[in-house]
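Listed below, chain by chain, are the residues.
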Amino acid sequence: MKKVLRILGTRGVPAAHGGFETFAEYLARYLVTRGWQVIVYCQEDGAGPVVSDEWEGISRITIPVSKEGPKGTIIFDWKSTLHASKHSDLCLTLGYNTAVFCVLLRIKGVRNVINMDGIEWRRKKWGRIAKTWFWLNDWAGCWLGNHLVADHPEIASHLATRTSVAKISTISYGADKVDSGPVSTLSKFRLESRRFLTVIARAEPENSLLEIVAGFSEKHRGVKLVVLGKYDAASNDYHKSVLEAAGDEVIFVGAIYDKSVVQTLRYYSLAYVHGHQVGGTNPSLVEALGAGNAVLAHNNKFNRWVADDCALYFNGAQEFSKKLDELLSTDELAPRLGTLAAARFTKYFTWQKILGEYEQLLEKNLP
């Protein structure tokens, strides 16, 4: 029997946008080598007909959408789900933001596994209407999915308040091991190996950027804080407050999409700072473990499960400053945490392990 999978919910492959796109690419490539036929729905800006082609042995169905932003994503998800409902193949939907559309798959008897991602409606950045939409789709995903994937035990516990535990599997997120990088990359940013910390996160209150930058800038550190991400002080008050809180040892390098550059910055970092307060298994934190980074992380149940004893934990700017003092004043602490991080990554978060677990789950759900 031919094993066929349709992947919905991302902008498509090759990955160029975020964690789900990266996961979709890795999973699709892996399954193709294992004899699966994989079809990935891809979003394209503009107008025109639906186009089918092949990339790296993966079938792609590209759907043009003229609307931009969230409206465009909703339209794309609707069209993708409508197209998939006309076939009998197993579907994997990444994210639940438009899970209500999955009623089409249910009506047609198409089996659908949904990765339920994080608890989106709890994020501070959303207004009341958006939070209500995500909350409703959270419920819809739990009802309409034939099986659910949680990327963290706390997400699984959340889903269990809405549906049967028997239809929930916990499979984490993977990353590449990073054990080298061209040191010449550092010169572009005027950095020295092990003399800087990295922060990679969207500039939103729930990611603790203000607390991190303010706590770091309380005093002279003798190291740099390299902040990756887009900041626009003219149109965003939170961005403006983060920029104004920064001392002269904080470097804002903008959004960097070149994977090799990001990996090199990780590899030569003294430590990685992770301020995310909500969500499941965050890809950026897993990637830091894969680079053998010591970690300074916001103290919550999500981060503690991922990083465990590889991190120092903080709440707020003052505690971050104290934990940073501890890290910088003890020469052997960062290397010890980095060694623990690398070992934890190898045990729990390699792509080989994660993708193998997905294949086993998908095989069980084949129609």
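Everything here concerns the structure above.
The residue numbering used here restarts from 1 in each chain and proceeds along that chain's sequence as written. Since the coordinates come from a predicted model, pLDDT governs what is reported: local features require at least 70, and pairs of side-chain atoms require 80 or more to be given and counted, while whole-chain, interface and lining totals use all residues. As a convention, hydrogens and water are excluded, and side-chain values are obtained from all of the structure's heavy atoms.

Novice: Would you explain the overall build of the chain in this entry?
Specialist: Here a helix means four or more residues in a row that DSSP labels H or I, a strand means two or more in a row labelled E, and each is numbered from the N terminus. Scanning the chain from N- to C-terminus turns up 14 helices and 14 strands. Computation of the radius of gyration draws on C-alpha atoms alone. For the globule rule, the value is 2.2 Å times the number of residues to the power 0.38. Radius of gyration (C-alpha) of the chain: 21 Å, near the 21 Å computed for a compact globule of 367 residues. Overall size of the chain, expressed as C-alpha extent along the three principal axes, is 60 × 40 × 40 Å. Counting only contacts in the chain whose residues sit at least 6 apart along the sequence, the fraction spanning at least 24 positions is 65%. Residue exposure ignores everything except the shown protein chains as possible cover, and the areas themselves are Shrake-Rupley values with a 1.4 Å probe. For the chain, the exposed surface amounts to about 16,500 Å²; the carbon and sulfur share of it is 52%. Here, residues are in contact when the closest pair of their heavy atoms is within 4.5 Å.

Novice: I'm lost on the nonpolar core in this one. Help?
Specialist: If you look at soluble globular proteins, the nonpolar side chains tend to sit buried side by side. One finds Leu5, Ile7, Phe23, Leu27, Val38, Val40 and Leu362 to be the most contacted residues of the largest nonpolar core, which totals 30 residues. For this core, the elements supplying multiple residues, two or more each, are β1 (4-8), α1 (19-33), β2 (37-45), β5 (90-94) and α14 (351-364). Broken down by element, the residue count for this core peaks at 7 residues, all from α1. Aside from chain neighbours lying at most four places away, what touches isoleucine 7 is Ala24, Leu27, Ala28, Val38, Ile39, Val40, Tyr41, Leu92 and Leu94. Among buried residues, the Ala, Val, Leu, Ile, Met, Phe, Trp, Tyr and Cys ones that are joined through side-chain atoms within 4.5 Å form a nonpolar core. Only protein chains enter the accessibility calculation, which uses a 1.4 Å probe. A residue is then buried if its area is under 20% of the maximum for its type, exposed if over 50%, and partly exposed in between. Core analysis: the next-biggest nonpolar cluster, separate from the first, contains 28 residues, Leu186, Val286, Ala311 and Phe349 among them.

Novice: Is there a simple way to think about the pairing of strand β12 (residues 271-274) in this case?
Specialist: Within a regular strand, the side chains alternate between the two sheet faces. Side chains of β12 alternate between two faces, with Ala271 and Val273 and Tyr272 and His274 buried alike. Pairing of strand β9 (residues 196-200) with β12, which is carried by 3 bridges, proceeds in the parallel orientation. Paired with leucine 197 across the two strands is alanine 271, which belongs to β12. Any two strands with at least two DSSP bridges between them are considered paired. Here 4 bridges tie β12 to strand β13 (residues 294-298), and the two strands are oriented parallel to one another. Looking at β13, one finds that alanine 271 is bridged to alanine 294. Regarding the hand of the β-α-β motif, the stretch spanning β12, helix α10 (residues 283-290) and β13 is right-handed. Handedness of a crossover is defined as follows: with both strands directed away from the viewer, a clockwise route from the first strand across the helix to the second makes it right-handed.

Novice: Looking at this structure, I do not really get the layout of surface pockets. What am I missing?
Specialist: Left-over empty space is what a probe sized like a water molecule reveals as it rolls over the atoms. Of the volumes computed, that of the second largest pocket is approximately 180 Å³. In the cavity and pocket records, a cavity denotes points on a 1 Å grid over the protein atoms alone where a 1.4 Å probe fits but cannot get out, a pocket denotes an open set with protein on both sides within 12 Å along at least 5 of 7 lines, and lining residues are residues with an atom within 4 Å of a point. Lining the second largest pocket are Arg194, Tyr267, Ser269, Leu270, Ala291, Gly292, Asn293, Ala294, Ala334, Pro335, Gly338 and Thr339. Top element by residues in the lining of the second largest pocket is helix α13 (residues 333-348). It accounts for 4 residues. All residues other than Ala, Val, Leu, Ile, Met, Phe, Trp, Tyr, Cys, Pro, Asp, Glu, Lys and Arg, Gly among them, are scored as polar; the first ten of these are nonpolar and the last four charged. For the lining of the second largest pocket, the per-class residue count stands at 6 nonpolar, 5 polar and 1 charged. Grid points are joined across faces, edges and corners, and a volume is the space filled by probe spheres set on the points.

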